[in-house]
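# Descriptive analysis of the structure
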Amino acid sequence: MSASLPRILVPGKINERVLQRLPEMFDVVRLERPDAGLVTADLADIKGIAVSGRVPAGLMDALPGLEIVANFGVGYDGVDVKHAAAKGIAVTNTPDVLSEEVADTAVGLLINTLRLLPQAEEWLRQGRWVREGAFPLSPLSLRGRTVGLYGLGRIGLAIAKRLEAFGVTVAYHTRTQREGLGYAYHPTLVGLSQVVDTLVVIVPGTEATRKTVNAEVLSALGKNGVLINVGRGSTVDEAALIEALEKGVIAGAGLDVFDNEPHVPDALLALPNVSLLPHVASASVVTRNAMADLVVDNLKAWFSTGKPLTPVPETPFERRAR
């Protein structure tokens, strides 16, 4: 590639569409993983990173010319954004383009958990309908439920709108109350859990949210309670959740995310009252292509106009003359 093209580093795996589109404007350099130890002197002129995963502080420090990190995903907890902000490095993510897909999955996961639809399908596939008769009645239903949303950003709002169509009551907890909404606000997560029987988690994985869905929250949710998590696995105390499910503290859970992905605790796998997905909430070709396009378009905008399309709040930077 021409030396005049900005060089973009891709550390580790990323959606193939990103790799296909980057050469439209950039010279692409690949590394096996985001490891500063793999950076050689000839990479000193790297201007940007396109990543699906981690960008630690050490990798940023190893690239003196780094200006921007384009993150594949709405969550960017794998990027040391505080370090990036301190160094004047812009960080972007891919909001909006996956909100509808994740919201669809959240509602589907909720229905699967309540109505045991995956188990019912297995009953049919295994021939048990013929041998043993009708699948047992599901003990839970969406009818009459009150749903609490832990997080009410773009995805949370999309979930709330869908739930309205099912005729359920919606409430929420966030750090600060949002104006102009008809949903009941609760200033604490425990307080929200005390007045709902379904808790949908859609907050980012930060130190502030780590294991905030704990034994106290689960106990407040109650024996008829159901937990749905399509945010980050780190927000739930998995040991407390397993104990709550085993002892009947809550009735069930639907999880798309886990604390140590892709490893799922055997105790969760053994439980009959859970629905488990391998982090697929946004995993459609259509949505992942849109995410990939936004990664590349953020980089192109930075180098052509000086303004990224979707910077994260911590780095509202514009490109300085170089």
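This one's a predicted model, so the numbers in the text were calculated from it and none came from an experiment.

Parameters and conventions
- In this convention, every chain numbers its residues from 1, walking through the sequence in written order.
- Reporting of local features is limited, given that this is a predicted model, to residues whose pLDDT is at least 70; pairs of side-chain atoms are given and counted only at 80 or more, and all residues count toward the totals for whole chains, interfaces and linings.
- Side-chain descriptors were evaluated using all non-hydrogen atoms of the structure, hydrogens and water having been removed beforehand.
- Labels follow the DSSP assignment, with helices taken as runs of H or I lasting at least four residues and strands as runs of E lasting at least two, numbered in each case from the N terminus.
- At least two DSSP bridges between two strands are needed for those strands to be called paired.
- Here, two residues are considered to be in contact whenever any of their heavy atoms come within 4.5 Å of each other.
- Lines fitted to C-alpha atoms define the axes here, with helix axes fitted over just the stretch in contact, and angles between the N-to-C directions of these axes take values from 0 to 180 degrees.
- Definitions used for this entry: grid spacing 1 Å over protein atoms alone; cavity, a set of points where a 1.4 Å probe fits but cannot get out; pocket, an open set with protein on both sides within 12 Å along at least 5 of 7 lines; lining residue, one with an atom within 4 Å of a point.
- Grid points are joined across faces, edges and corners, and a volume is the space filled by probe spheres set on the points.
- Residues are sorted three ways: Asp, Glu, Lys and Arg are charged, Ala, Val, Leu, Ile, Met, Phe, Trp, Tyr, Cys and Pro are nonpolar, and all the rest, Gly among them, are polar.
- Only centres within 6.5 Å qualify two rings of Phe, Tyr or Trp (six-membered ring in Trp) as a pair; their planes then separate them into stacked at under 30 degrees, edge-to-face at over 60, and tilted for everything else.
- Here the term buried applies to any residue with accessible area under 20% of the maximum for its type, exposed to any over 50%, and partly exposed to those in between, with areas from a 1.4 Å probe on protein chains only.
- One speaks of a salt bridge when a side-chain nitrogen belonging to Lys or Arg is within 4 Å of a carboxyl oxygen belonging to Asp or Glu.
- Looking down the strands as they point away from you, a crossover is right-handed if its path from the first strand over the helix to the second goes clockwise.

### A closer look at the environment of aspartate 35
Tracing the sequence through the fold places aspartate 35 in the loop between β2 (27-31) and β3 (46-51). Sequence-wise, aspartate 35 and valine 217 are 182 residues apart; in three dimensions their C-alpha atoms are separated by 38 Å.

### Observations regarding the sheet that holds strand β6 (residues 146-150)
Strand order in the open sheet formed by seven strands is β8-β7-β6-β9-β10-β11-β12, and the pairing between neighbours is parallel. Each edge of the sheet is formed by a strand with only one pairing partner; in this case those strands are β8 (184-185) and β12 (274-276). One ladder, built from four bridges, connects strand β9 (residues 198-201) with strand β10 (residues 226-229); its direction is parallel. Within β10, the residue paired with threonine 198 across the bridge is valine 226. Strands in contact with helix α4 (residues 99-115) are β9, β10, β11 (252-255) and β12; relative to β10, the strand with the most contacts, it is inclined by about 150°. Packed on one face of the sheet, helix α10 (residues 238-246) meets β10, β11 and β12 and runs near 140° to β11.

### So, empty space enclosed by the protein
In total, this model carries one cavity of 30 Å³ or more according to the counting rule given. Here the largest cavity defines a volume of roughly 30 Å³. As for the largest cavity, its lining consists of Asn229, Gly233, Val236, Glu238, Leu241, Leu255, Val257 and Phe258. Of the residues that constitute the lining of the largest cavity, the class distribution is five nonpolar, two polar and one charged.

### Some words on the environment of serine 284
Tracing the chain through its elements places serine 284 in the loop between β12 and α12 (285-305). A sequence separation of 182 residues divides serine 284 from valine 102, and the C-alpha atoms of the two residues are 10.0 Å apart.

### With respect to the packing of aromatic side chains
Under the defined criterion, the tally for this structure stands at three aromatic pairs. Judged by centre distance (5.6 Å) and plane angle (65°), the ring pair of phenylalanine 26 and phenylalanine 303 falls under edge-to-face. Taken together, the residues span a long stretch of sequence, with phenylalanine 26 in the loop between α1 (16-21) and β2 and phenylalanine 303 in helix α12 at a distance of 277 residues. Taken as a pair, phenylalanine 26 and phenylalanine 303 share a single burial class, namely buried. Taking 5.2 Å as the distance between ring centres and 55° as the angle between the ring planes, the aromatic pair formed by tyrosine 172 and tyrosine 185 counts as tilted. Placement of tyrosine 172 in strand β7 (residues 169-173) and of tyrosine 185 in strand β8 is noted, with a sequence separation of 13 residues between them. Given a relative accessible area of 0%, tyrosine 172 falls into the buried group.

### Observations concerning the pattern of salt bridges
Scanning the model with the defined rule gives 21 salt bridges in all. For the salt bridge of lysine 87 with aspartate 61, the shortest nitrogen-to-oxygen distance reads 3.3 Å. You can see lysine 87 sitting in helix α3 (residues 81-87) and its partner aspartate 61 sitting in helix α2 (residues 57-61), a full 26 residues away along the chain. Look at lysine 87 and you get partly exposed, because its relative accessible area is 40%. A salt bridge links aspartate 77 to arginine 232; the nearest nitrogen and oxygen atoms lie 3.1 Å apart. Residue aspartate 77 is located in the loop between β4 (68-71) and α3, and its partner arginine 232 is located in the loop between β10 and α10; the two are separated by 155 residues in the primary sequence. Residue aspartate 77 is classed as partly exposed on the basis of its relative accessible area of 42%. Each member of the salt-bridge network shares a partner with another, and the members are Arg17, Arg21, Glu24, Asp293, Asp297 and Lys300.

### Details of the sheet that holds β2
Reading across from one edge, β2-β1-β3-β4-β5 is the order of the five strands in this open sheet, with parallel pairing throughout. Strands with a single pairing partner mark the edges of an open sheet, and in this sheet they are β2 and β5 (90-92). Recorded for the sheet is a direction-independent mean angle of 20° between the axes of neighbouring strands. Note that β4 and β5 share three bridges and pair parallel. Across the sheet, the residue bridging to isoleucine 68 is alanine 90, located in β5. Packing against the sheet, α12 makes contact with β1 (7-11), β3, β4 and β5, and its axis sits at approximately 160° to β4.

### As for the pairing of β4
The side chains of a regular strand alternate, residue by residue, between the two faces of the sheet. What you see with β4 is no split at all: Ile68 and Ala70 on one side and Val69 and Asn71 on the other are buried throughout. For β3 and β4, the ladder comprises four bridges, and the chain directions are parallel. Its bridge partner lying in β4, isoleucine 49 is registered against valine 69. For the crossover that starts at β4, traverses α3 and ends in the parallel β5, the hand is right-handed.

Note that all results are geometric; they support no functional claim without further evidence.
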